Amino acid sequence: MNIMKKLIFLLENILKKINLTLLFLLIFTLYALEIKSKERWLLDKTLSTITFEVPVLLSKNVKGEFKEIEGLVEIDLKKKQNNKALFSVNTKSVDINYTKYKDLLLSDIFFFSSEYPLAVIDTKKFSYINEKEIKLDVEFSLKGKNKILPLDIYINRLAEELVQIKSLMIFSRNEFNIGSGKWSNSVILKDKVTIKTNLFLFKE
């Protein structure tokens, strides 16, 4: 009787191991298929630029460039509809043509970089089938505020594994509380801010 119990116990353990092995193989297969169905493109930070410009009355426009940027694009090869892109800049890394006002730009009056160091563009899910131009409504996060804004995107495939993406976005700085007090007065700074990107991405 003890021998029978041992055999049953041994058989149960074998079946459990087989089931676990099959489960592992299933998970691994599904994961592999998921990876295969997606294509990831990473930002070449040495070539890419993100710049902005704010018109100023009777003077040179404020122009700046963010030196620290991050980003990636994930392409859904199967359904073509679950593509995603996410880009961010470190607002502390900004260089501007009015260098003496950089501390002011980083202060709570403008970027408030100590509290909100990142500005983020999130496309969410979007459809893409090899178009050269697309228009998206993206979520733009800046200074603790999120807004849905239109974004014009121009795509240039330079090589099999290298793509150039240019984009243009215009938003109201007052909507994000960028420039408060006397700076919010359009006599000094205009309300519209233009952000331009020139991004280069390579296939992972």
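The structure this text deals with has already been given above.
Scope of this entry: the structure provided in the associated data block. Since we're looking at a predicted model, the values are computed, not measured. (Residues numbered from 1 in each chain as written. Predicted model: local features only at pLDDT ≥ 70, side-chain atom pairs only at ≥ 80, totals over all residues. Heavy atoms only, no water.)

What to know about the overall build of the protein
Working step 1: Secondary structure assignment for the protein yields two helices and 11 strands.
Working step 2: Ordering the α and β elements of the protein from the N terminus gives α-β-β-β-β-β-β-α-β-β-β-β-β.
Working step 3: Relative to its 204 residues, the protein shows a buried fraction of 35%.
Working step 4: Partitioning the contacts of the protein with sequence separation of at least 6, the portion at a separation of at least 24 is 60%.
Working step 5: Of the accessible surface of the protein, which amounts to about 13300 Å², a share of 60% is contributed by carbon and sulfur atoms. (Helix = DSSP H or I, 4+ residues; strand = E, 2+ residues; numbered from the N terminus. Buried < 20%, exposed > 50% of the residue type's maximum accessible area, 1.4 Å probe, protein only. Contact = heavy atoms within 4.5 Å. Areas by Shrake-Rupley, 256 points an atom, 1.4 Å probe, with all protein chains shown as cover.)

A look at the nonpolar core
Working step 1: Membership of the largest hydrophobic core comes to 45 residues, with the highest contact counts inside it found for Phe52, Phe66, Phe140, Met169, Phe171, Leu199 and Leu201.
Working step 2: Residue contributions to this core peak at five residues, all from strand β8 (residues 133–142).
Working step 3: Setting aside anything within four residues of it in sequence, one finds Phe66 in contact with Ile50, Phe52, Val89, Asn90, Thr91, Ser93, Val94 and Phe111. (Core = buried A, V, L, I, M, F, W, Y, C linked by side-chain atoms within 4.5 Å.)

Quick notes on the pattern of salt bridges
Working step 1: Following the criterion strictly, the structure yields nine salt bridges and no others.
Working step 2: Between Glu65 and Lys67 there is a salt bridge, with the nearest N and O atoms lying 3.6 Å from each other.
Working step 3: On the accessibility criterion, Glu65 (23% relative accessible area) is partly exposed.
Working step 4: A salt bridge links Asp122 to Lys124; the shortest N-O distance between them is 3.3 Å.
Working step 5: Looking at Lys124, the relative accessible area reads 44%, which means it is partly exposed. (Salt bridge = Lys/Arg side-chain N within 4 Å of Asp/Glu carboxyl O.)

Notes on the side chain of Asn83
Working step 1: Within the fold, Asn83 resides in the loop between β4 (69–76) and β5 (84–90).
Working step 2: Taking the relative accessible area as the measure of exposure, Asn83 reaches 0% and is therefore buried.
Working step 3: Within the local environment of Asn83, its side chain forms a polar contact with the backbone nitrogen of Asp76, the two atoms lying 2.7 Å apart.
Working step 4: For Asn83, the side chain forms a polar contact with the main-chain oxygen of Phe126, separated by 2.9 Å.
Working step 5: Residues contacting Asn83, with those up to four places away along its chain left out, are Glu74, Ile75, Asp76, Lys124, Lys125, Phe126, Ser127 and Tyr128. (Polar contact = N/O pair within 3.5 Å; in protein donor to acceptor, adjacent residues only side chain to side chain.)

Observations regarding unusual backbone geometry
Working step 1: Of note, Lys124 is a non-glycine position whose phi angle comes to about 60°, a positive value.
Working step 2: Looking at the element boundaries, Lys124 is found in the loop between β7 (118–122) and β8.
Working step 3: Although it is not a glycine, Asn130 adopts a positive phi angle of roughly 60°.
Working step 4: Take Asn130: it is sitting in the loop between β7 and β8.
Working step 5: Since its relative accessible area comes to 59%, Asn130 is described here as exposed.

Some words on the packing of aromatic side chains
Working step 1: By the definition in use, this model includes eight aromatic pairs.
Working step 2: Where Tyr98 meets Tyr101, the ring centres are 6.2 Å apart and the plane angle is 45°; that geometry is what we call tilted.
Working step 3: A relative accessible area of 37% places Tyr101 in the partly exposed class.
Working step 4: For the ring pair Phe140 and Phe171, a centre distance of 5.1 Å and an interplane angle of 55° mean the geometry is tilted. With Phe140 in strand β8 and Phe171 in strand β10 (residues 162–172), this residue pair connects regions lying 31 residues apart in the sequence. We note that Phe140, like Phe171, is buried.
Working step 5: Among the aromatic side chains, those forming a connected cluster through ring pairs are Phe52, Phe66 and Phe111. (Phe/Tyr/Trp six-rings, centres within 6.5 Å; stacked < 30°, edge-to-face > 60°.)

That is the geometry; function is a separate question.
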